[in-house]
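In case you want the letters, here they are:
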Amino acid sequence: MGHRKEVPLNGLPHSLLQYPAPSHFSHHTVHFTDGQNAEFDVVIFATGYDTNLHFLDESCDIETKDIPRPLYRYFLHPKYPTMALFNQCFLIAPFPLCEYQAMYFRDVIMGRIDLPSEPERMAAAYRDFERYPDRPLKYRYALHLDQFPYYDELATECGFVPKVSNSALAGLYDAVAKQRGSKPGEYREWEHELKDGVFVCNV
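Calculation notes
Residues numbered from 1 in each chain as written. Predicted model: local features only at pLDDT ≥ 70, side-chain atom pairs only at ≥ 80, totals over all residues. Heavy atoms only, no water. Pairing = 2+ DSSP bridges. Helix = DSSP H or I, 4+ residues; strand = E, 2+ residues; numbered from the N terminus. Axes fitted to C-alpha atoms, helices over the stretch in contact; angles between N-to-C directions. Expected span 1.5 Å × (residues − 1). Buried < 20%, exposed > 50% of the residue type's maximum accessible area, 1.4 Å probe, protein only. Polar contact = N/O pair within 3.5 Å; in protein donor to acceptor, adjacent residues only side chain to side chain. Contact = heavy atoms within 4.5 Å. Phe/Tyr/Trp six-rings, centres within 6.5 Å; stacked < 30°, edge-to-face > 60°.

Draft legend 1. The sheet that holds strand S4 (residues 29-32), seen in detail. One open sheet accounts for three strands, arranged S3-S4-S5; its pairing is antiparallel. With partners counted over all chains shown, the strands left at the sheet margins are strand S3 (22-26) and strand S5 (37-39), one partner each. On average, each strand axis in the sheet is tilted by 25 degrees relative to the strand beside it, whichever way the strands run. Across four bridges, S3 lies against S4 in antiparallel orientation. Along S4, the bridge assignment pairs Ser26 with Thr29.

As structure tokens, this is what we get:
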């Protein structure tokens with residue numbers, strides 16, 4: 001495994017060989033940034049992805065370079081609120097994000113939610129986009145722990161009361177992130193149990 005972090009990462013299996021990031025390739029040889037090289041049969045690029053919405057027509061009136069913008073509530077087109085682009089946020093738990101956004105969009109389509117005026121939606125969309133102006137464009141929608149108050153806002157507008165509170169999910173999300181950092185080879189095996197409104201790790 002080649003990566004940009006300090007080599008070696010602690011907590012990974014000893015059978016997993018770690019290298020710094022690759023600098024270039026030649027035939028079956030991978031050359032690494034520290035001068036090492038090694039031969040491999042297969043190379044898998046696990047480098048993430050960039051969102052590409054080039055298929056959207058200009059009449060959609062939305063900027064698509066790096067991230068789509070502006071977006072009201074991080075997913076609704078402020079001018080055309082029946083157009084939704086789900087899961088555009090970064091540093092999030094994707095399943096609850098998609099569930100709450102889909103729930104909100106359903107209620108918008110069914111007329112259950114009275115949206116603000118178009119100028120108000122546009123202003124809110126740009127406020128969200130400019131919230132962290134020093135970040136690169138593709139990370140402007142990085143929510144991290146801010147995702148959970150955001151879910152609460154969407155749930156409140158939909159009149160939905162989750163069975164597990166978002167504050168409990170926030171604690172679980174933060175705990176697992178720390179576990180992944182300290183024990184990346186083990187944390188997936190650990191189980192968590194909800195006790196008195198708080199997730200507890202059974203290790």
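Let's pick the thread back up.
Draft legend 2. Expanded view of helix H1 (residues 94-109). Look at H1: 22 Å from first C-alpha to last across 16 residues, which is about the 22 Å you get at 1.5 Å a residue. Every buried residue of H1 is accounted for by Pro96, Leu97, Tyr100, Gln101, Met103, Tyr104, Phe105, Asp107 and Val108. Downstream of H1 by one or two residues, Gly111 has phi in the positive range, about 75 degrees.

Draft legend 3. The arrangement of unusual backbone geometry in detail. Cis geometry marks the peptide bond from Arg69 to Pro70; its omega dihedral reads -5 degrees. By the element assignment, Pro70 lies in the loop between S5 and H1. Its identity as a non-glycine residue notwithstanding, Asp196 has a phi of 50 degrees, on the positive side. Among the structural elements, Asp196 can be located in the loop between strand S6 (192-195) and strand S7 (198-201). Judged by relative accessible area, Asp196 falls into the exposed class, the value being 82%.

Draft legend 4. Expanded view of the side chain of Asn166. You can see Asn166 is positioned in helix H4 (residues 166-182). The exposure class of Asn166 is buried, given its relative accessible area of 1%. One polar contact links Asn166 to Asp152, side chain to side chain, over a distance of 2.8 Å. When sequence neighbours within four positions are dropped, the list of residues in contact with Asn166 reads Tyr100, Phe148, Tyr151 and Asp152.

Draft legend 5. Highlighting the packing of aromatic side chains. Across all of its chains, the model carries 15 aromatic pairs by this definition. Both rings, one in Phe75 and one in Phe86, keep their centres 5.6 Å apart while their planes meet at 20 degrees; by these two values the pair is stacked. Taken as a pair, Phe75 in the loop between S5 and H1 and Phe86 in the loop between S5 and H1 lie far apart in primary sequence, eleven residues in all. We classify Phe75 as buried; its relative accessible area is 0%. Classification of Phe86 as partly exposed rests on a relative accessible area of 33%.

Draft legend 6. Just the environment of Arg112, in detail. Among the structural elements, Arg112 can be located in the loop between H1 and helix H2 (118-129). Given the relative accessible area of 51%, Arg112 is considered exposed. Through-space distance from the C-alpha of Arg112 to that of Glu157 is 9.2 Å; in sequence the pair is 45 residues apart. Setting aside its immediate chain neighbours within four residues, Arg112 contacts Arg106 and Asp107.

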